[in-house]
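The residues making up each chain are set out below.
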Amino acid sequence: MFSNFSTPEKLSLANTPTPFHRLVNTSNSLQNCNVWLKRDDFTGGVTSGNKIRKLEFLLQDALLNSCDTIITSGGLQSNHCRATAALCAQLGLNCHLILRVDQGGRTEDGKVKLDEGNALLSHLCGAEISAYSPSYYQNNLNEIFLSYSQHYENKGGKAYCIPTGGSNALGLWGYIECAVEILNQCRDNEIEPDAIVCASGSGGTQGGLSLGCYLAGSSVPVHGMAVCDSVDYFESKIRADVHEWQTCFDNKVKPSIDLKNSVPLFTNDKYIGPGYAKGYADMYATVAWLARNEGVILDPVYTGKAFHGMMEEIKTGSLSNCKNIVFVHTGGIFGLFPKAQHFNIEPISSEY
Ligand SMILES: *Cc1c(COP(=O)(O)O)cnc(C)c1O
């Protein structure tokens, strides 16, 4: 795709290019700003969302290395783990998920509930699930990965480890490709985008889009709306991934620039609220507003916070002078159902 870099092979698993359209009612509600939606919530059914774009590259690599088992990690309601479980079922691979589970995901006697949202789907797709408390998970994740890898090796198998969110050098390719897709769709619609906005959880989407736009010669800023952690965390994580990416894929045909320090990054951590996967009233109100006004459903963990943050920044902040903004809908609908109580919906009485 970019002649100075060697593009790795990938599996064809996602429904791409995904649709791209103007949010008519949202744009009409704003003064002088068009919001365009990149529908990466349409990349698949049970595999929908942003993770499948990274997994096309990561699972291809696993197959090329003759691995028979995928090990990956995330929260109990991880979209990444659910997409991985479904794709492993499709490809005939074993899937082992290492999940971080707090009190909210447990029964009174500490057992882990697998009957809701993404956890239900991962379970149905046949994934082996191992659950850990947040503190144990945080302090021992590498050791947990290593011990399960060893376990499969001892049984004569071969495991392939994918980091949380699929965010590493190889995974970046998914959103480098998507950046090109978005820039082409902007050209087809005869618009010059002033900003691209996405949610940031493990940084691979923001990192891939930022690097992809830069390599494609576009100066459009990619705004990553953090749903956890800080601006410093994301910027150092993304710069490390970009550095690794350049180490792996730069053909060095001419004196190459140091991409890690050249790609501009824009991260906003003002809309996280109480913490990862913890919502707040204004965010839930934005999710409900968009559903009513566009028939588009956001999720409360990622896209709800990112879209809410974007609308606030259009009204008063860093996006206030933009004429055309592309919001990347990264999926996550199954994470909405376990949070239904936050919409405070009262039962209604029956008519007869
Ligand atoms: C994982 C995820 C994100 C964040 O993407 P990263 O590449 O991890 O930063 C955004 N939206 C949804 C729905 C996700 O599942």
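Cut-offs applied
Residues numbered from 1 in each chain as written. Predicted model: local features only at pLDDT ≥ 70, side-chain atom pairs only at ≥ 80, totals over all residues. Heavy atoms only, no water. Core = buried A, V, L, I, M, F, W, Y, C linked by side-chain atoms within 4.5 Å. Buried < 20%, exposed > 50% of the residue type's maximum accessible area, 1.4 Å probe, protein only. Helix = DSSP H or I, 4+ residues; strand = E, 2+ residues; numbered from the N terminus. Pairing = 2+ DSSP bridges. Axes fitted to C-alpha atoms, helices over the stretch in contact; angles between N-to-C directions. Salt bridge = Lys/Arg side-chain N within 4 Å of Asp/Glu carboxyl O.

Digging into the nonpolar core
If you look at the biggest cluster of nonpolar residues, it comprises 42 residues, and the most contacted ones within it are Leu-59, Ile-70, Tyr-160, Trp-173, Leu-211, Trp-245 and Leu-259. For this core, the secondary structure elements donating two or more residues are α2 (51-64), α3 (79-91), β4 (94-100), β6 (159-162), α6 (172-188), α7 (204-215) and α8 (231-249). For this core, the element with the highest residue contribution is α2, accounting for six residues. Grouped together as the second largest cluster of nonpolar side chains are 33 residues, Ala-199, Val-301, Ala-306 and Phe-327 included.

Observations regarding the sheet that holds strand β3 (residues 69-75)
Spatially, the four strands line up as an open sheet ordered β5-β4-β3-β6, and their pairing is parallel. In this open sheet, the two strands that pair with only one neighbour each are β5 (128-132) and β6. Averaged over neighbouring strand pairs, the angle between their axes works out to 20 degrees when direction is ignored. As defined by bridge partners, β3 adjoins β4 across seven bridges and the pair is classed as parallel. What sits directly across from Ser-73, in β4, is Ile-98.

Points about the pattern of salt bridges
Two side chains carrying opposite charge are able to pair once their charged atoms lie near each other. This structure, assessed with the given rule, holds nine salt bridges. Between Lys-38 and Glu-181 there is a salt bridge; the shortest N-O distance is 2.7 Å. Linking Lys-38 in strand β2 (residues 34-39) with Glu-181 in helix α6, this pair joins segments that are 143 residues apart in sequence. Side by side, Lys-38 and Glu-181 carry an identical accessibility label, which is buried. One salt bridge connects Arg-39 with Asp-41, and the closest N-O pair in it is separated by 2.9 Å. This pair shows no difference in class: Arg-39 is buried, exactly as Asp-41 is. Here the salt bridges do not stand alone but share partners, grouping Lys-38, Asp-40, Arg-53 and Glu-181 into one network.

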